Amino acid sequence: MWQEINVDKQPKVSQKSVTLLLSYAAIILLALSLGIQYWYYRNLRQPQEVADSYTRFVVEKGGGKSSLFLPDGTKVLLNAGTTIQYPTRFDQKERMVMLDGEGYFEVARNEKLPFIVNAKEIDVKVLGTKFNVKAYSDEQEIAVTLAEGSVNMIDKAAPSNSVVMVPQQQAIYNKLTGKTEVRKVSTDAICQWTTGAHFFNEISFDEIAGQLEKAFDVTFIFRNPERRQLRFFGEFRNTDTLDDILTIMSSSEKFTYRRSNNIIETVSYTHLTLPTIL
């Protein structure tokens, strides 16, 4: 007995449907391709660009002063023992540099892009002006001295204690206490280091030793710690050597020292006023 078997025939796919499916597939592939490219540039190449975008400039101890121009045209004069880091190209929000040491800045004015000196505990924010920042990591105080214009010294730990300065003012931030003292000063005297000269305005021997160590790449040894707190006044030319300075400082015979290569050892000390060298 024969049975009739019915076999269903597969429906034919129209040309229009095939074209539509191919179009959808092309769109999906294009979206995937664009997504992969975006991920690649964002996650692989961008970090490399950021890592390579900063320049680190170092002035060694005993190396004198050095000057440079930043990408925006700002001129910076750096003291011995100073490191500065800055981007090869500033972004569209701010111009920030990082400073460890002492620098004198003549900032190119730009109302839309504030210029910021990052000195760890504080920021110095300006639009365009001339000022000095002394912020060595091995010193207890950070000093900002304003020559022209206006600056805002921002205390990162306590922004409410920030100080807006006017010319001929110096703001001193104490890292240990977190307090800031503002006083009137002679900007020319504070910034004499930019000419290679040394000016000691009733500052401690400890501070003077720190300046001379960086300027001449030497080390001071105090046998009596109390000597560090005694104060000096004196002015020296940029042509004066370390021996010239130490000879004048010890001219009263109340202060003597011994020098062995780059080691300076103080032997005896009392307070004295140094003559100004003309």
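Everything in this summary refers to the structure shown in the same document. In this text, all values refer to a predicted model and were calculated from it rather than measured experimentally.

Each value, and the rule that gives it
- Residues numbered from 1 in each chain as written.
- Predicted model: local features only at pLDDT ≥ 70, side-chain atom pairs only at ≥ 80, totals over all residues.
- Heavy atoms only, no water.
- Helix = DSSP H or I, 4+ residues; strand = E, 2+ residues; numbered from the N terminus.
- Buried < 20%, exposed > 50% of the residue type's maximum accessible area, 1.4 Å probe, protein only.
- Salt bridge = Lys/Arg side-chain N within 4 Å of Asp/Glu carboxyl O.
- Polar contact = N/O pair within 3.5 Å; in protein donor to acceptor, adjacent residues only side chain to side chain.
- Phe/Tyr/Trp six-rings, centres within 6.5 Å; stacked < 30°, edge-to-face > 60°.
- Contact = heavy atoms within 4.5 Å.

Residue Lys120 is not a glycine yet carries a positive backbone phi of 65°. Positionally, Lys120 belongs in the loop between β6 (115-119) and β7 (122-126). The class for Lys120 is exposed, based on a relative accessible area of 56%. For Glu202, which is not glycine, the phi dihedral falls at a positive 55°. Locating Glu202 in the fold gives a position in strand β14 (residues 198-204).

Attention now goes to the pattern of salt bridges. Taken as a whole, this structure holds eleven salt bridges when the rule is applied. Note that Asp72 is salt-bridged to Arg95, the shortest N-O span being 2.5 Å. Of the two residues, Asp72 is situated in the loop between β2 (66-69) and β3 (75-78) and Arg95 in strand β5 (residues 95-106); the sequence distance between them amounts to 23 residues. The class of Arg95 is buried, set by a relative accessible area of 2%. Its salt-bridge partner being Arg109, residue Glu111 comes within 2.9 Å of it at the nearest N-O pair. Look at Glu111 and you get exposed, because its relative accessible area is 52%. Residue classification places Arg109 among the exposed residues on the basis of a relative accessible area of 55%. Among the charged side chains, a salt-bridge network with shared partners connects Asp138, Glu139 and Lys214.

Another aspect to go through is the side chain of Asp123. Inspection of the secondary structure assignment puts Asp123 in strand β7. Among the polar contacts listed, one links the side chain of Asp123 to the side chain of Lys156, at a separation of 3.3 Å.

Right, let's get into the packing of aromatic side chains. All told, the structure shown has seven aromatic pairs when counted by the stated rule. Ring geometry for Phe200 versus Phe236: centroids 5.9 Å apart, planes at 55°, classification tilted. Of this pair, Phe200 sits in strand β14 while Phe236 sits in strand β16 (residues 231-236), and the two are 36 residues apart along the sequence. Take Phe200 and Phe236: they sit in the same class, and that class is buried. Ring-pair connections join several aromatic residues into one group, and the members of that group are Phe205, Phe220, Phe222 and Phe232.

As for its position among the elements, Val107 is in the loop between β5 and β6. If sequence neighbours within four positions are ignored, Val107 has contacts with Thr74, Arg95, Phe115, Val126, Leu127, Gly128, Thr129 and Phe131.

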